[in-house]
Amino acid sequence: MTNRVDFYQGHTSKLTIPAGAAVVFVEGGLCPYLEVLEIVQAGSSEYGSARLRYNPAADSGGQILSVEDIEREIGIDTPVSIKWIHNNLYPAAGAEGIVIFAGQVERFDKTLEGVEIIVRDYSATLERITVVGRRVQDINGRVVCLDVTGTIFNEAGQPNATNELIEYEGKLTRLFAADSRDAKPWDCADVIRYLLCEYVPTGQLIIPDESRLRAIMQTQSVRNLDVTGLSILEATERVGEQAGIEFKFVPTSEESGPRQAIVFYKKGAGRQVELNLQKAGQQISVSKTNVIKASSRGGFWPATHRYIGLGDYKVFEATFYLVETWRPEQESVDYDLYSPSTNPNFVEVKNVFRRFALNEAGDYSDQPYEQGPAYDFLRIFGTDKYVHRRRRFWPALSRDAEGKSLGYFLEVSYDEGEHWRLYMHAFDILLDECGIWLASDRLDINTWVAAIKSVLKFRITASVVSDQRLTCSSADGPVGSTVPVVNRIISLPNRFKFRKVTGKSQFSSVVNDSIGSPDEADDSTALYQFIRQRAQAKATAIETFDIQTPHLALGFEVGDVVKTNPDDRDIFSTGSDNRSTSVIEKVRMNFEKQATELRVVRRRML
């Protein structure tokens, strides 16, 4: 008698991972005659879908249905969910289901062999909803829907969102404000929340609250964002592109309430998953290898991609001293000669004593005008990168105590610039050059006398548009080295502005009760943030991998960052470039092959 115990283990040649068991539910009821062929998960432009096939053999107790019968039982837009069935308790026979896809019927694909049913997630519904009008809270707190008004967020750069979240029809979001003076700017989180709350029927989709959206989108603002006529899907994509994020639709496991949720994510910032492949010469183990097939396509790399953002042209306010623009030989002391009501040939002398200009193009520098050199904008623009050409004046950026622009603030001197006073008579702004034209029928006596004595001077405080645009750049690699640089220009003149009151303006240092805050803007930081996020979102693919797993794998999601175990082969080559990141962009569960196919894209992240 001994203490020895022998254990024996039966030999098996079968995989320990069983084939997947997915069942289809139509409007909450089990549909045994539909089998799942594939489930696709993807982000922007593709989103999620499933392909089902009518299989009468799977329903032994049912009757064979014709295509017409299937269309009657399962109509277009019918809710469909797919559950992964597993045993709840071992060895009990009870089963539980995990929802792995939810959507609605999009179309029927018919062949001689049978019929396939294409099911899409909630992106299909959002494609059919068009953005139009705006929901406004008026000054009395009443919520009004204006159906024929354009949906423009921060129109013309002015804030038009309510300061507080408004609750209406069971929803909580910001609305359009009736008065921009009592409003805050929309940011990306506010815009997305408004679009989804306004157009998605209650109870159909789980929408993140404002705090969750702002946590991922930060405070990225929008300017003059017009989404009128776009679908909700397109409008949300446009906002997400500006914020540098993407979104997808995922199923929920709740028994009641919405069956789907919209999830926002940033590329390269998702959870980490492993795709491992054992090194050559080792005995294969399904616990150490989850890649059975892999292929890749390389892009143009190494190369630096530089994104250059162009905002609007810069605007500067200054006080400009004007010069005479008429021929000296046309001057006379005949008062009636220079009035259209007393001189039938007034057009011949219409500019004399009336037209004054900046001479920015040098038109009045030579004989017979001799008004000095062309105006030097270096003191205004802060750079010599401009062209001597004709421009025009625009209203001043300085504002009065009520917040209204001072407009074209024209002053006159009757003593050759010793004293200045506001010009109180009619004048026009020239449209073909920086200048003015005195528009009174007859010049007032003070102006006439000063003109005859050659001591009449004019100056105007106004704005001028420069030749330089607000610009910034962001690159994903070295610039100025041997690595080629690929430039990508992004022009956004309606969103990012630069307006400045220069030190050459008489109002730059004025502090009193009659002058308010100037209409200045400097969107340099916002433009850089936008360009950097755009560069991250649009980073060019260095390499694209097509991966197949040896079995159906449910754990992979769009947006996951792929890593490799140090003991396995690094098939994604991230070890040689620590600035690149491999992200899953598409998951396709192929139930016919009983495998999961992944599209993994490696990009250089900023």
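Details of the structure are given in the entry above.
Residues numbered from 1 in each chain as written. Predicted model: local features only at pLDDT ≥ 70, side-chain atom pairs only at ≥ 80, totals over all residues. Heavy atoms only, no water.

Engineer: Can you help me understand the side chain of Ser440 in this one?
Structural biologist: Examined against the element boundaries, Ser440 turns out to sit in the loop between β25 (435–438) and α7 (445–452). Accessibility expressed as a relative area gives 17% for Ser440, which makes it buried. If sequence neighbours within four positions are ignored, Ser440 has contacts with Arg354, His425 and Ala426. (Helix = DSSP H or I, 4+ residues; strand = E, 2+ residues; numbered from the N terminus. Buried < 20%, exposed > 50% of the residue type's maximum accessible area, 1.4 Å probe, protein only. Contact = heavy atoms within 4.5 Å.)

Engineer: Please explain the state of the cysteines as it appears in this structure.
Structural biologist: Formally, a disulfide is one covalent bond, and it connects the sulfur atom of one cysteine to the sulfur atom of another. One pass over the full model with this rule turns up zero disulfides. With no disulfide partner, Cys145 has as its closest neighbouring cysteine sulfur the one in Cys197, 14 Å distant. Counting only cysteine sulfurs, Cys188 is the nearest neighbor of Cys472, a cysteine outside any disulfide, at a range of 16 Å. (Disulfide = S-S within 2.5 Å.)

Engineer: Sorry if this is basic, but what is going on with empty space enclosed by the protein here?
Structural biologist: One water molecule sets the probe size; rolling that probe over the atoms shows where empty space is left. For the coordinates displayed, the defined rule picks out three cavities of 30 Å³ or more. Its boundaries defined by the atoms lining it, the largest cavity holds a volume of some 60 Å³. Surrounding the largest cavity, Gly244, Ile245, Glu246, Tyr265, Lys266, Lys267, Gln536, Ala537 and Met605 form its lining. In terms of residue class, the lining of the largest cavity is built from four nonpolar, two polar and three charged. (1 Å grid on protein atoms, 1.4 Å probe; cavity = no way out; pocket = protein on both sides within 12 Å on 5 of 7 lines; lining within 4 Å. Points joined across faces, edges and corners; volume = space filled by probe spheres on them. Nonpolar A, V, L, I, M, F, W, Y, C, P; charged D, E, K, R; others polar.)

Engineer: Would you mind showing me how to read the sheet that holds strand β21 (residues 355–357) here?
Structural biologist: Paired through their backbone hydrogen bonds, the strands of a sheet run either parallel or antiparallel. The four strands lie next to each other as β20-β21-β25-β24, forming an open sheet whose pairing is antiparallel. Where the open sheet ends on each side, the last strands, each with one partner, are β20 (323–324) and β24 (427–429). In this structure, β21 lies alongside β25, joined through three bridges in antiparallel fashion. Considered in β25, the bridge of Phe356 is made with Ile436. (Pairing = 2+ DSSP bridges.)

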